[in-house]
Structure formats: C-alpha cells, structure tokens
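Summary of the model geometry
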Amino acid sequence: MKPMGSKKRIVVLISGNGSNLQALIDAVEQGLISGQIVGVISNKSTAFGLQRAQSAGIENKTLSYAPFAAAESSRSAYDTELAKLVGSYQPDLIVLAGFMRILSGSFLDCFKDKVINLHPALPGAYPGINAIARAWADYEAGLTQTTGVMVHYVIPEVDAGPVIAQACVAMNSCQTLGELADRMHEVEHELIVEVVKTLCQK
Ligand code: GRF
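Residues numbered from 1 in each chain as written. Predicted model: local features only at pLDDT ≥ 70, side-chain atom pairs only at ≥ 80, totals over all residues. Heavy atoms only, no water.

A few words on the overall build of the chain. When you go through the chain residue by residue, the secondary structure sums to 7 helices and 7 strands. Ordered by position from N to C terminus, the α and β elements of the chain give β-α-β-α-β-α-α-β-α-β-α-β-β-α. Over its C-alpha trace the chain gives a radius of gyration of 17 Å, about what one expects of a compact globule, namely 17 Å for 202 residues. Principal-axis analysis of the C-alpha atoms gives the chain an extent of 50 × 45 × 30 Å. For the chain, the proportion of its 202 residues judged to be buried stands at 46%. Once local pairs closer than 6 in sequence are excluded, the contacts in the chain between residues at least 24 apart make up 64%. (Helix = DSSP H or I, 4+ residues; strand = E, 2+ residues; numbered from the N terminus. Rg over C-alpha atoms; globule rule 2.2 N^0.38 Å. Buried < 20%, exposed > 50% of the residue type's maximum accessible area, 1.4 Å probe, protein only. Contact = heavy atoms within 4.5 Å.)

So, in structure tokens, the structure goes:
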C-alpha cells in the first residue's frame, strides 16, 4: 500500500511521435499532474517518443514484437512479457498514448481499471487506425460535420470501453486533413492531461 498523498506512478506506452507523451511530461514538470512518469515503453525502437522520454530523464524501453512473431501464441507471449515489464514499474496508471498494438484480456487482467487509451474519435466512431482521415473523408462526402477525441478505460475490444472524457471537434473550421490533424492533436494534448490530472487526484 502506497502512503497517502504519494505521487501516482504513471507508465506511458507509445509507438511513434509521442506528442501526447510530451504533453504529459510538460504537465508533470509544471506541477499540473500530481504524478510521476516512471517509465515509457515503445514497441518500436525508432519511436521519437523514446527520445522525448530520454530528454526528460525518464527511463524508456523498447519491447519489439518481432522476436515473438514466429512463435506459436506469439501475441500472448508478447503480452506476458509486456505485462512483466510494465508491472516492474508498479504503476498506478498506464496510459496508451498512440500505442499501436491491441492488448489482450490477459494483459488487462493484470492491471484492472488502470489502463486508459486516447483515441482520436468520439465513442463508437472510427475504431482502429486512420480515425482522423476517415472522419475527414466522411466530412468531405457530406456525411458528418463533427469528430472528436476520447479517453477511455481499455477493454479487449479496440477503441471501446468506459469513456472517461471526450471533446468534440467541428471540422468546418478546417480546410485540409492536415489542419484537422493539427487541431485534433491540440485537443488530444489538452484532454489527456486533464484526464491524467484527475485520475492522479483520486
Ligand atoms: C494520437 O492521435 C492518438 O490518439 C493515436 O495515435 C496518435 C499518437 O500521437 N492513438 P503521438 O504519438 O502522441 O504524437
């Protein structure tokens, strides 16, 4: 049992640029979040987010899927190893911030109610990859005006699970997909910080 009032231990899982990780690093450094990022784990050694973690003095590791891929039950073997690695940080909160792998129920069972995910779409809309581009295609086809961002607890189903917070983004203020992507990332950075801040207060 951790002492009352101690800082929450946060582990962030990434696969790429890590701009949301950076938003969390900045918010922790500014004292907005009562927590500490104790580890950053990527499934890609080339993820720029690893350099962001390094620059901030945060322990960072890569657990690549490639060595597991050939084995039978490769996914569960990878998730077992990942659970060991994540568990070694004794996290209170695990943030999937652009982590491009689907986590199995056996991984999630190790960290009940501790794993949250950021997804660039509203609940139920555009699960999976390229959510921003798919929303933009629908906007251009006249099918929708609005997309958004959500943070939710993770369940085995992709980009689903109890919603913690969401924010809408009106697409008619954007001229291009690039502009929408920039706006979505701004909103993501605010929302993920707000959610992690709130969860660390509990
Ligand atoms: C974000 O749009 C996130 O919602 C999605 O992947 C992207 C990661 O961006 N799942 P970054 O690596 O945090 O810059």
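Still more to cover.
Topologically, I132 is positioned in helix α6 (residues 131-140). Spatially, the C-alpha atoms of I132 and G148 are 8.8 Å apart, while their sequence positions differ by 16 residues. Apart from residues no more than four positions distant in its own chain, I132 is found in contact with P120, L177, L180, A181, M184 and H185.

Neighbouring the ligand are the residues N17, G18, S19, N20, G98, L118, P120, H185 and E188. Within the backbone of L118, one N or O atom sits 3.5 Å away from an oxygen atom of the ligand. Between the ligand and E188, the relevant distance is 2.2 Å, taken from an oxygen atom to a side-chain nitrogen or oxygen of the residue. For the shell around the ligand, the elements supplying multiple residues, two or more each, are α1 (19-29) and α7 (177-201). Across the shell around the ligand, the residue classes break down as 2 nonpolar, 6 polar and 1 charged. (Near = heavy atom within 4 Å. Polar contact = N/O pair within 3.5 Å; in protein donor to acceptor, adjacent residues only side chain to side chain. Nonpolar A, V, L, I, M, F, W, Y, C, P; charged D, E, K, R; others polar.)

Moving on to the sheet that holds strand β5 (residues 115-119). Pairing within the open sheet is mixed, and its 7 strands lie in the order β3-β2-β1-β4-β5-β6-β7. Only two strands of the sheet have a single partner each, and these edge strands are β3 (60-62) and β7 (163-170). Neighbour to neighbour, the strand axes of the sheet diverge by 20° on average, direction disregarded. Across 3 bridges, strand β4 (residues 93-96) lies against β5 in parallel orientation. Paired with L96 across the strands is N117, a residue of β5. Together, β1 (8-14), β2 (35-42), β4, β5, β6 (146-153) and β7 form the strand contacts of α7, whose direction differs from that of β6 by roughly 30°. (Pairing = 2+ DSSP bridges. Axes fitted to C-alpha atoms, helices over the stretch in contact; angles between N-to-C directions.)

At a minimum axis separation of 9 Å, α1 and α7 run at an interaxial angle of 50°. Taken as axis vectors, α1 and α7 run oblique relative to one another. Relative to α7, the crossing made by α1 is right-handed. Contact with α1, carried on its side by S19, N20, A23, L24 and A27, involves E188, H189, I192, V193 and V196 of α7 and no other residues of that element. The residue inventory of the contact of α1 with α7, partitioned by class, reads 6 nonpolar, 3 polar and 1 charged. (Parallel < 35°, antiparallel > 145°, perpendicular 65-115°, else oblique. Left-handed = near helix turned anticlockwise from the far one by under 90°.)

Moving on, we get to α1. Within the sequence span of α1, burial applies to S19, N20, L21, A23, L24, I25 and A27. Contacts made by the buried residues of α1 are with β1, β2, α2 (48-55), β4, β5 and α7. A positive phi of about 80° marks G31, the residue just after α1.

Moving on, we get to helix α4 (residues 74-87). With 14 residues, α4 extends 20 Å between its outermost C-alpha atoms, agreeing within 8% with the 20 Å of an ideal straight helix rising 1.5 Å per residue. By the burial criterion, the buried members of α4 are S74, Y78, D79, L82, A83, L85 and V86. Buried positions in α4, seen along its axis, are confined to an arc of 165° and lie on one side of it. Where α4 is buried, its residues meet β1, β2, β3, α3 (66-69), β4 and α5 (105-110). (Expected span 1.5 Å × (residues − 1). Arc of directions from axis to C-beta.)

This part is about the packing of aromatic side chains. Throughout the structure, instances matching the rule amount to 4 aromatic pairs. Each ring, one from F107 and one from F111, has its centre 5.1 Å from the other, and the planes form 50°; the classification is tilted. The burial state of F107 is the same as that of F111; both residues are buried. Aromatic pair W136 and Y139: ring centres 5.1 Å apart, planes at 40°, arrangement tilted. Here W136 pairs with Y139, and both are found in helix α6, just 3 residues apart, close to one helical turn. The exposure class assigned to W136 is buried, which follows from its relative accessible area of 6%. Clustering of aromatic rings is evident, with ring pairs tying together Y65, F68 and Y78. (Phe/Tyr/Trp six-rings, centres within 6.5 Å; stacked < 30°, edge-to-face > 60°.)

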